[in-house]
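Descriptive analysis of the structure
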Amino acid sequence: MGNIIAICNQKGGVAKTTTAFNLGAALALNKGKKVLLIDADPQANLSEYLRFEEDPLPTLSYLIADVAQNTLISAETVGRCIRHHKMTGLYYIPAAIDLANAETIMATALSRETILKRILMPEITKDFDYILIDCLPSLGSLLINALTAADNMIIPVQTQKFSIDGLNALYSLYLQIRSTINPALHLTGILATMADHTVVTRTALQTLSADYGEVLFRTVIHKSVDAAKSSESGIALCTYRNRLGEEYIALADELDALLVQQQELKLSPVGTN
Ligand SMILES: Nc1ncnc2c1ncn2[C@@H]1O[C@H](COP(=O)(O)OP(=O)(O)O)[C@@H](O)[C@H]1O
Ligand SMILES: [Mg+2]
């Protein structure tokens, strides 16, 4: 069964989308994994990164509207929404601007937190090693849906004081979701991003290490213009032998090892998740 990972932070500009694409690409290209990306942000930046061009097939909004009306959705319908990105071998379900209406559509739906979970049904996820959900910068229904569908979450945090301040709100939402709708949710890691050689970065890394040390990824993503170049060109960072590329490959290795360990703990008789 695929590992479903929500990449989230209610703050924009912390490298969620850059991480979804480049972590996904590193998992696919360097580790040979089959990866499905879900663009769950109405701004559709991930779809742009993947050079998605409108086609006759439905996007994520259609699936959400369908499930919200309590239509029993089939794996075939979801499967038809999955596109293939030839350059990286990634699979993805794109978003379009009409995803902004999803919150309204969901508002009156029964069991509205589980809509994305019902879309990412086992018949779909079993075909992938990883499913990465690129979340929108908000703590609303779409994010709650992503955290209900996921079994793991990654929180990219820009190494600046104000970015770290916002972490507490997301961490309490994580605890609430874990204690109610999704006890299987696991905070896999906080990912320090856009680090540089300033005192601000050093202080932020120290704070993150003191407050969240146990779940802080060892891999740190540094600030580099190569990130912008990659999103402009649509070429995955891991295909270059530059620092950012190496860091995303290291992150893919670290994540994969962590999830193998998590799986072993689940299977062991004394394992406690
Ligand atoms: N490591 C990095 N170094 C420098 N700029 C980065 C880095 N990662 C992302 N960026 C840039 O920061 C901006 C926001 O990144 P993005 O991934 O879209 O964030 P989010 O999805 O959290 O809003 C983009 O312009 C992106 O190119
Ligand atoms: Mg984004």
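Below you will find a few notes about this structure. Keep in mind it's a predicted model, so treat the numbers as computed, not measured.

Over its 13 residues, helix α10 (residues 167-179) runs 18 Å from end to end, which matches the ideal 18 Å to within 8%, given 1.5 Å per residue. Of all the positions in α10, only L167, L170, L173, Y174 and I177 are classed as buried. Take α10 and look down its axis: the buried residues cluster within an arc of 125 degrees, on one side only. Within α10, the exposed residues directed more than 90 degrees away from the buried face are N168 and S179. Residues of α10 that are buried make contact with α8 (141-149), β6 (152-158), α9 (161-165), β7 (186-193) and α11 (199-212).

Another aspect to go through is the site of ligand 1. As a structural note, the neighbourhood of ligand 1 is formed by 15 residues, with G13, T17, T18, H222 and S224 the closest of them. Separating an oxygen atom of ligand 1 from a backbone N or O atom of V14 is a distance of 3.0 Å. T17 is positioned such that a nitrogen or oxygen atom in its side chain is 2.8 Å from an oxygen atom of ligand 1. Summarising the interface, the protein chains cover 76% of the accessible area of ligand 1, which totals 560 Å² for the free molecule. For the shell around ligand 1, the secondary structure elements donating two or more residues are α1 (16-31) and α12 (226-233). It is α1 that provides the largest number of residues to the shell around ligand 1, a total of 3 residues. Grouping the amino acids of the shell around ligand 1 by side-chain chemistry returns 7 nonpolar, 6 polar and 2 charged.

A few words on the nonpolar core. In terms of nonpolar packing, the biggest core is built from 58 residues, with I64, I93, I133, L147 and M153 touching the most fellow members. Excluding anything up to four places from it in sequence, L147 contacts A6, C8, M153, L173, I177, N182 and L185. Formed by 33 residues, the second largest nonpolar core is a distinct cluster that contains L23, Y49, A236 and A252.

Quick look at the packing of aromatic side chains now. Tallied over the entire structure, the rule returns 5 aromatic pairs. Between F52 and Y92, the ring centres sit 6.2 Å apart and the planes meet at 80 degrees, which makes this aromatic pair edge-to-face. Taken together, the residues F52 in the loop between α2 (45-49) and α3 (60-68) and Y92 in strand β4 (residues 90-93) connect sequence positions 40 residues apart. Assigned by exposure class, F52 and Y92 land together as buried. Judged by centre distance (5.6 Å) and plane angle (50 degrees), the rings of Y171 and Y174 are tilted. With a gap of 3 residues between them, Y171 and Y174 both fall in helix α10, about one helical turn apart.

Another aspect to go through is the environment of P122. Here P122 is to be found in helix α7 (residues 122-125). Using a relative accessible area of 45% as the deciding quantity, one classes P122 as partly exposed. With 56 residues separating them in the primary sequence, P122 and D66 have C-alpha atoms 18 Å apart.

Rules and cut-offs
- Residues numbered from 1 in each chain as written.
- Chains lettered and ligands numbered in written order.
- Predicted model: local features only at pLDDT ≥ 70, side-chain atom pairs only at ≥ 80, totals over all residues.
- Heavy atoms only, no water.
- Helix = DSSP H or I, 4+ residues; strand = E, 2+ residues; numbered from the N terminus.
- Expected span 1.5 Å × (residues − 1).
- Buried < 20%, exposed > 50% of the residue type's maximum accessible area, 1.4 Å probe, protein only.
- Arc of directions from axis to C-beta.
- Contact = heavy atoms within 4.5 Å.
- Near = heavy atom within 4 Å.
- Polar contact = N/O pair within 3.5 Å; in protein donor to acceptor, adjacent residues only side chain to side chain.
- Areas by Shrake-Rupley, 256 points an atom, 1.4 Å probe, with all protein chains shown as cover.
- Nonpolar A, V, L, I, M, F, W, Y, C, P; charged D, E, K, R; others polar.
- Core = buried A, V, L, I, M, F, W, Y, C linked by side-chain atoms within 4.5 Å.
- Phe/Tyr/Trp six-rings, centres within 6.5 Å; stacked < 30°, edge-to-face > 60°.

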